[in-house]
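# Structural description and commentary
Residues per chain, in single letters:
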There are 2 protein chains.
Amino acid sequence: MDWLDKIKWDGNGLVPVIAQERGSNDVLMLAFMNREALARTAELGQAVYWSRSRNRLWHKGEESGHYQQVHEIRLDCDNDVVLLKVTQLGHEAGIACHTGRHSCFFQRFEDGRWQNVEPVLKDPVSIYR
Amino acid sequence: MDWLDKIKWDGNGLVPVIAQERGSNDVLMLAFMNREALARTAELGQAVYWSRSRNRLWHKGEESGHYQQVHEIRLDCDNDVVLLKVTQLGHEAGIACHTGRHSCFFQRFEDGRWQNVEPVLKDPVSIYR
């Protein structure tokens, strides 16, 4: 059986993918892949997602330089969620979020509202130009 | 604004939720919440998900005893993914997966196929009885 057939793709042919930083184990982001994206990720050793907003393959880092080197590809017990262990590359390493932060999960629920609790490491204007 | 209104619920009124273990930072599982589930999670300090297979609220641990104590609730930059920092409780702590493993992400892609790379810590037959 093709390894890609084991995955339970959703109604849109996608699977959610968690990117976790090797070493720190920080969760950097969640995005989606279709079959082709996951196949290319495995071939390339870098994360290739499916952009739902742009409706096309998205080789992360193609615009920002913030590529993700993929060390491991994991699948959960229900075969419907993928987890990548990655190194977050870039001119300044470790910035996964388009806001210039380390992780996309920088809003924390505190005192009844969402607070930004992680610093911006690089001005996003200087990432995307 | 109600903090729950900030979340971009999907077409089914759900949001994907990553449960990450505090301390180790291991990713334990991914499940979904609706508005009520997230509200109850915040009130209770324990993870309450929406079971898509059973179509009802699912207070994790209600059958297995494997409750998740919630320390932090985080939201990503697009407001469409939630991350919980949890302690995985239970008679034997640290077992999040219904297969009796620590994490649901126990299948690793190696040599063209998925290999089980994490031990079963407790026979699932003895968890669900």
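Up top you'll find the structure we're talking about.
Structure report, in brief. (Residues numbered from 1 in each chain as written. Chains lettered and ligands numbered in written order. Predicted model: local features only at pLDDT ≥ 70, side-chain atom pairs only at ≥ 80, totals over all residues. Heavy atoms only, no water.)

## A few points about the overall build of chain A
Going by this rule: Each helix corresponds to a stretch of at least 4 residues labelled H or I by DSSP, and each strand to a stretch of at least 2 residues labelled E; elements are numbered beginning at the N terminus. Put simply, the radius of gyration uses C-alpha atoms, and a globule should come to 2.2 Å times the residue count raised to 0.38. Buried, partly exposed and exposed residues are distinguished by accessible area as a fraction of the type maximum, computed with a 1.4 Å probe on protein chains only: under 20%, between the cut-offs, and over 50%, respectively. The criterion used for residue contact is that any of the two residues' heavy atoms lie within 4.5 Å. For the area figures, the Shrake-Rupley method with a 1.4 Å probe applies, and any residue is considered shielded solely by the protein chains shown. Asp and Glu are treated as the negative residues and Lys and Arg as the positive ones, with His and the ends of the chain left uncounted. The atoms used to mark charge sites are NZ of Lys, CZ of Arg, CG of Asp and CD of Glu.
In terms of helices and strands, chain A carries two helices and eight strands. Listing the helices and strands of chain A from first to last along the sequence gives β-β-α-β-β-β-β-β-β-α. Taken against the 2.2 N^0.38 rule, which gives 14 Å for 129 residues, the C-alpha radius of gyration of chain A at 15 Å falls within 12% of a compact globule. If one aligns the C-alpha atoms of chain A with their principal axes, the spans along those axes are about 45 × 35 × 30 Å. Expressed as a percentage of the 129 residues in chain A, the buried residues total 52%. Taking the intrachain contacts of chain A between residues at least 6 apart in sequence as the baseline, contacts between residues at least 24 apart amount to 42%. Accessible surface for chain A amounts to roughly 6000 Å². Of this, 45% is attributable to carbon and sulfur atoms. Positive and negative side-chain charges of chain A, numbering 16 and 18 respectively, have mean locations separated by a distance of 2 Å.

## Quick word on the environment of Arg56 of chain B
All names here are of chain B. Definition in use: N or O atoms closer than or at 3.5 Å make up a polar contact, with two conditions inside protein: a donor-capable atom paired with an acceptor-capable one, and, for residues adjacent in sequence, both atoms drawn from side chains.
You can see Arg56 is positioned in strand β4 (residues 56–59). Overall, Arg56 belongs to the partly exposed group, its relative accessible area being 32%. Residues within four places of Arg56 in sequence aside, it is in contact with Tyr49, Trp50, Ser51, Glu62 and Glu63. Engagement of the side chain of Arg56 in a polar contact is seen with the side chain of Glu62, the distance being 3.0 Å.

## With respect to helix α1 (residues 35–44) of chain B
Residues and elements named next belong to chain B. Within the sequence span of α1, burial applies to Ala37, Leu38, Ala39 and Thr41. Among the structural elements, β2 (27–33), β3 (48–51), β4 and β5 (68–75) are those in contact with the buried residues of α1. Between a side-chain oxygen at the N-terminus of α1 and the backbone nitrogen of Glu36 the separation is 3.3 Å; the capping residue is Asn34. Residue Gly45 follows α1 closely and has a positive phi angle near 75°.

## Quick word on the interface of chain A and chain B
To keep it simple, the criterion reads: By buried area we mean how much accessible surface two parts lose on assembly, using a 1.4 Å probe and totalling the loss over both. Between Lys or Arg on one side and Asp or Glu on the other, a salt bridge is scored when a side-chain nitrogen of the former is within 4 Å of a carboxyl oxygen of the latter.
Across the boundary between the two partners, chain A contributes 38 residues, which contact 38 residues of chain B. Interface of chain A and chain B: buried area, both sides summed, is about 3300 Å²; carbon and sulfur atoms make up 62% of it. For the chain A face of the interface with chain B, the top three residues by lost area are Arg74, Phe105 and Trp114 of chain A, together amounting to 22%. There are six salt bridges connecting chain A and chain B. Close ionic contact of Arg74 of chain A with Glu118 of chain B constitutes a salt bridge, the shortest N to O distance being 2.9 Å.

## Here we look at the relation of the copies chain A and chain B
As a reminder, the rule being used: Superposing the copies works by least squares over the C-alpha atoms of residues that have pLDDT at least 70 in both of them.
Once turned by 180° and shifted 0.0 Å along the axis, chain A lies on chain B with an RMSD of 0.0 Å. Both chain copies can therefore be described as sitting about a two-fold axis. For chain A, the minimum C-alpha distance to the rotation axis belongs to Asn25 of chain A and amounts to 2.7 Å. By residue overlap, the copies meet face to face through one surface: 100% of the interface positions of chain A are interface positions in chain B.

## Focus: the environment of Glu62 of chain B
Residue and element names in this part refer to chain B. Structurally, the position occupied by Glu62 is in the loop between β4 and β5. Under the relative-accessibility criterion, Glu62 is labelled partly exposed at 34%. Contact partners of Glu62, with chain neighbours within four places excluded, come to Arg54, Arg56 and Tyr67.

## Describing the side chain of Asp76 of chain A
Position of Asp76 of chain A relative to the elements: it lies in the loop between β5 (68–75) and β6 (82–88). Not counting the four nearest positions on each side in its chain, Asp76 of chain A is found in contact with Val81 of chain A together with Cys104, Phe105 and Gln107 of chain B.

## Regarding the pattern of salt bridges
This structure, assessed with the given rule, holds 22 salt bridges over all chains. As a salt-bridge pair, Glu63 of chain A and Arg54 of chain A come within 3.2 Å of each other at their nearest N and O atoms. Taken together, the shared-partner salt bridges connect Glu72 and Arg74 of chain A together with Arg108, Glu110 and Glu118 of chain B into one network.

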